[in-house]
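Below are the chains, spelled out letter by letter.
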Amino acid sequence: MIYKKFQDIQLSGLGLGMMRLPVVDGNDGKVDETAAAGMIDYAYQNGINYFDTAWGYHNGSSELVAGKCLSAYPRESYYLASKFPGYDLSNMDKVEEIFEKQLEKCRTPYFDFYLFHNVYEGNIDAYLNPEYGIQDYLLKQKENGRIHYLGFSAHGSVDVIRRFLDAYGEHMEFCQLQINYMDWHFQDAQEKAALVQSAGIPLWVMEPLRGGRLAKVSDKLADVLKSLRPEETVPGWAFRFLQSIPSVTMVLSGMSTMEQLKANIATYETDEPLSQEEFDTLVKYTDEETGKGGLPCTSCHYCTSHCPKGLPIPELIALYNEHKITGGGFIAPMGVGSMPQEKRPANCIGCRECEKVCPQQIKISEMMKNFTEMIGM
């Protein structure tokens, strides 16, 4: 296992994300504790020393499993991370109650790493609202030794992350972002990473394989990758991509099987960053792929000035493209869900006034109808 220096400690380059533990009969809320314990033990015995859980993972069961399984080892021999669940606005006034319960569930007197969870458009105002006292409370826990390192995770836009950093950046010691070679340009991961890096904050990576999407690629890309690195696995390329980004300290993978865990640990026995040619090949290919099937919106905003409902059409098209090209996921529903009810695609009345001025001749009204059916809002 390779290790990365963070402040005065050494972290395994690969961390075990506990969002996708093995479950019973496909029930996400019912973790297969025997299988999970076996995976956690294998990870621990083979050099992983960072374990990441959260309040909402597995419908609240992840923290319980983490506490039960990790309590088998000396507390000082591993690092445990959890998060304040601000993705749910109803939690904003419950920071003390939730934090105390998390410590209890995880059977620990402290968290090594603790995060503001999922900073995005729908909760940034609440996170920054001093009336909730979230930052003050968490900083107090840090002073008391119950949090060793404080950070945040984000799925929001560059502007949202900038707002958060402007307000709380001086207290943030790490930042967890969705970074992978598909999202390097598609989800502005490069720009987000650069912003965080410019603030002097180390990067933690989530979704290195984009929920498994990058564990298998087209035959065309597989042949190209094989010609460049004959012995490298397809998932291995995604991890080597991240090893090529100097500011990345921790890469979290939510592994569901022992087979996945063993393969990823084997990859992290070595640090083999990509050459510039290899890096560019991955990004170029995925830029081409993500450009297929999406609507060719250039965000000129001619449409918005002609929409009688005032819909944020370019933003909705971007979310539609994300959902369609990647085959679903939570990003588009989360993005639309953060919008006021009257700004969502279901409010399109099909008048086609926007289409009359669209330079790309996009059939916007059809997109709005399809998008509403796809995400149910």
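Refer to the preceding data block for the structure.
Residues numbered from 1 in each chain as written. Predicted model: local features only at pLDDT ≥ 70, side-chain atom pairs only at ≥ 80, totals over all residues. Heavy atoms only, no water.

## Some words on the overall build of the chain
Part 1 of the reasoning: A count of helical and extended segments in the chain gives 15 helices and twelve strands.
Part 2 of the reasoning: Rg of the C-alpha trace for the chain: 21 Å, near the compact-globule value of 21 Å for 377 residues, within the 12% margin.
Part 3 of the reasoning: Based on the C-alpha atoms only, the size of the chain along its principal axes is roughly 65 × 55 × 45 Å.
Part 4 of the reasoning: For the chain, with 377 residues in total, the buried portion stands at 52%.
Part 5 of the reasoning: A separation threshold of at least 6 residues defines the contact pool for the chain, and within that pool the share at least 24 residues apart is 76%.
Part 6 of the reasoning: Across the chain, the 35 positively charged side chains and the 50 negatively charged ones have centroids separated by 4 Å. (Helix = DSSP H or I, 4+ residues; strand = E, 2+ residues; numbered from the N terminus. Rg over C-alpha atoms; globule rule 2.2 N^0.38 Å. Buried < 20%, exposed > 50% of the residue type's maximum accessible area, 1.4 Å probe, protein only. Contact = heavy atoms within 4.5 Å. Lys, Arg positive; Asp, Glu negative; His and termini not counted. Charge placed at Lys NZ, Arg CZ, Asp CG, Glu CD.)

## Side note on helix 11 (residues 258-267)
Part 1 of the reasoning: What helix 11 keeps buried is the set Leu 261, Asn 264, Ile 265 and Thr 267. Down the axis, helix 11 shows its buried residues gathered within 155° of arc, on one side only.
Part 2 of the reasoning: In this fold, the buried residues of helix 11 make contact with strand 3 (14-17), helix 1 (33-45), helix 10 (234-243) and strand 12 (248-253). (Arc of directions from axis to C-beta.)

## As for the pairing of strand 5 (residues 27-31)
Part 1 of the reasoning: Bridge count for strand 4 (residues 23-24) against strand 5 is two bridges, and the pairing is antiparallel. When the sheet's bridge partners are listed, Val 23 is paired in strand 5 with Val 31.
Part 2 of the reasoning: Remark: two residues form the turn of the hairpin made by strand 4 and strand 5, two consecutive strands paired antiparallel; Asp 25 in that turn has positive phi of roughly 55°. (Pairing = 2+ DSSP bridges.)

## Comments concerning the environment of Lys 262
Part 1 of the reasoning: You can see Lys 262 is positioned in helix 11.
Part 2 of the reasoning: As for Lys 262 and Ala 43, which are separated by 219 residues in sequence, their C-alpha atoms are 8.3 Å apart.

## Focus: the side chain of Asn 123
Part 1 of the reasoning: Looking at the element boundaries, Asn 123 is found in the loop between strand 8 (111-119) and helix 4 (124-127).
Part 2 of the reasoning: With near-sequence residues (within four places) excluded, Asn 123 lies in contact with Gly 86, Tyr 87, Leu 89, Met 92, His 117 and Asn 118.

## A word on the sheet that holds strand 3
Part 1 of the reasoning: Taken in spatial order, the eight strands of this closed barrel run 3-6-7-8-9-10-11-12, and their pairing is parallel. Neighbouring strand axes in the sheet, compared pairwise and without regard to direction, differ in orientation by 30° on average.
Part 2 of the reasoning: As judged from the four bridges shared by strand 7 (residues 79-84) and strand 8, these two strands associate in the parallel manner. Within strand 8, the residue paired with Ser 82 across the bridge is Tyr 114. (Axes fitted to C-alpha atoms, helices over the stretch in contact; angles between N-to-C directions.)

## Structural notes on the environment of Tyr 114
Part 1 of the reasoning: Within the secondary structure, Tyr 114 is located in strand 8.
Part 2 of the reasoning: On the accessibility criterion, Tyr 114 (0% relative accessible area) is buried.
Part 3 of the reasoning: It is 9.4 Å that separates the C-alpha atoms of Tyr 114 and Lys 142, two residues lying 28 residues apart in sequence.

## What about the nonpolar core?
Part 1 of the reasoning: One finds Phe 51, Phe 116, Phe 152, Ile 179 and Phe 241 to be the most contacted residues of the largest nonpolar core, which totals 84 residues.
Part 2 of the reasoning: Tallying contributions element by element places helix 6 (residues 158-168) first for this core, with six residues.
Part 3 of the reasoning: Among the nonpolar cores identified, the runner-up in size contains 19 residues, and Ile 313, Leu 316, Tyr 320 and Met 339 belong to it. (Core = buried A, V, L, I, M, F, W, Y, C linked by side-chain atoms within 4.5 Å.)

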